[in-house]
Amino acid sequence: FFDYLNHVDGRKYFAIDTAEHLTDTNCHALLHELMAILQKYSWNLILCCRPHAAEAMKSSLSKDTTINEVIIQPIPQRKLTIWSTENNFCLPREEKLLNLVQRPIYLREFLLLPHDNCSTDEHSFYDSIWRNITNNRPDVDEALRQLAVRHAKSGTYYLNTDDFSNLSFSLLEKNILSQ
């Protein structure tokens, strides 16, 4: 997961994306310590997680924590159509991909594709995202696949850095992986 800081309207925010990873039993103390520090310095904490993990996220927080839940809904197709007309981009013709790009994170990735993206199908779309992540380098592709297998076998959200290869450390340096 990654985190970032932002100042909006004079208020300070600390956001953690894919925060469901913090519900891992090894991270409860870390999350509560982080919350205490942020509260001490008047920072607002934003935890972003997938809908299926929201309940676990809420239950891992302190009972005296105020939670304002915001669920980001898919963008209605009608609104996407208006945006595409106003901003001169085309929407995918394939229905599965069109449904996928209704989610803001995937819409962003879709708009980063070359302008002839209307004929892109879902499989090609995922391939293009993967190529961007790996920079079309077979060694990066292989390192990420090996890490994914280790991650799946470990049963936790995190991998021990002792298992990392030199390439994995270079991926950390390039922010392809995060600590």
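Since the structure is predicted, the reported quantities are computational estimates derived from the model, not experimental observations.

Scoring rules and cut-offs
- Per chain, residues are indexed from 1 in the order of the written sequence.
- Two thresholds apply to this predicted model, a pLDDT of at least 70 for residue-level local features and 80 or more for giving and counting side-chain atom pairs, whereas whole-chain, interface and lining totals are computed over all residues.
- Calculation of side-chain values draws on the structure's entire complement of heavy atoms; hydrogens and water are dropped beforehand.
- Confidence scores per residue from the predictor, reported as pLDDT, run from 0 to 100.
- Each helix corresponds to a stretch of at least 4 residues labelled H or I by DSSP, and each strand to a stretch of at least 2 residues labelled E; elements are numbered beginning at the N terminus.
- Exposure categories follow from relative accessible area, calculated using a 1.4 Å probe and restricted to protein chains: below 20% of the type maximum is buried, above 50% is exposed, and the middle band is partly exposed.
- Contacts were defined at the residue level, with two residues in contact if any of their heavy atoms lie within 4.5 Å.
- To estimate how far a helix should extend, the number of its residues minus one is multiplied by 1.5 Å.
- This arc is taken over the directions from the axis of the helix to the C-beta atoms.
- The rule for a salt bridge is simple: a side-chain nitrogen of Lys or Arg has to be within 4 Å of a carboxyl oxygen of Asp or Glu.
- We define the nonpolar core as a collection of buried residues of types Ala, Val, Leu, Ile, Met, Phe, Trp, Tyr and Cys that are connected through side-chain atoms lying within 4.5 Å of one another.

1. What about the confidence of the model for the chain?
Working step 1: Chain-level pLDDT for the chain is 75 on average; 72% of the residues reach the 70-or-more range.
Working step 2: Element-level mean pLDDT values for the chain span from 50 in strand β1 (residues 3-8) up to 93 in helix α3 (residues 77-87).

2. Some points on the side chain of S84
Working step 1: Within the secondary structure, S84 sits in helix α3.
Working step 2: Taking the relative accessible area as the measure of exposure, S84 reaches 10% and is therefore buried.
Working step 3: S84 has contacts with F89 and L91, leaving out every residue within four places of it along the chain.

3. Some words on helix α7 (residues 138-154)
Working step 1: Between its first and last C-alpha, α7 extends 24 Å over 17 residues, near the 24 Å set by a 1.5 Å rise per residue.
Working step 2: Along α7, the positions that sit buried rather than exposed are V140, D141, A143, L144 and L147. In an axial view of α7, the angular spread of the buried residues amounts to 165 degrees, which keeps them on one side of the axis. With respect to the buried face of α7, the exposed residues turned more than 90 degrees away are P138, A152 and K153.
Working step 3: Phi for G155, located one or two positions after α7, is positive at around 75 degrees.

4. Here's the deal with the pattern of salt bridges
When the charged atoms of two side chains lie near each other, side chains of opposite charge can form a pair.
Working step 1: One pass over the full model with this rule turns up 2 salt bridges.
Working step 2: Taking the shortest distance from any N to any O, the salt bridge between K96 and E122 comes out at 3.3 Å. A residue pair is termed long-range when its members are at least 10 positions apart, and K96 in helix α4 (residues 95-100) and E122 in helix α6 (residues 122-134) qualify at 26 residues.
Working step 3: The exposure class of K96 is exposed, given its relative accessible area of 54%.
Working step 4: With relative accessibility at 17%, the residue E122 sits in the buried group.
Working step 5: E109 is paired through a salt bridge with R108; the nearest N and O atoms lie 3.0 Å apart.
Working step 6: Classification of R108 as exposed rests on a relative accessible area of 52%.

5. Quick look at the nonpolar core
Looking at soluble globular proteins, one finds that nonpolar side chains tend to be buried together.
Working step 1: L80, L91, L97, V101, L107, F110 and F125 are the most contacted members of the largest nonpolar core, which totals 13 residues.
Working step 2: Taken together, the elements giving at least two residues each to this core come down to α4, α5 (104-111) and α6.
Working step 3: Residues within four places of L107 in sequence aside, it is in contact with I75, L80, W83 and V101.
Working step 4: Counting residues in hydrophobic clusters, the runner-up holds 9 residues, among them F14, L31, M35 and L61.

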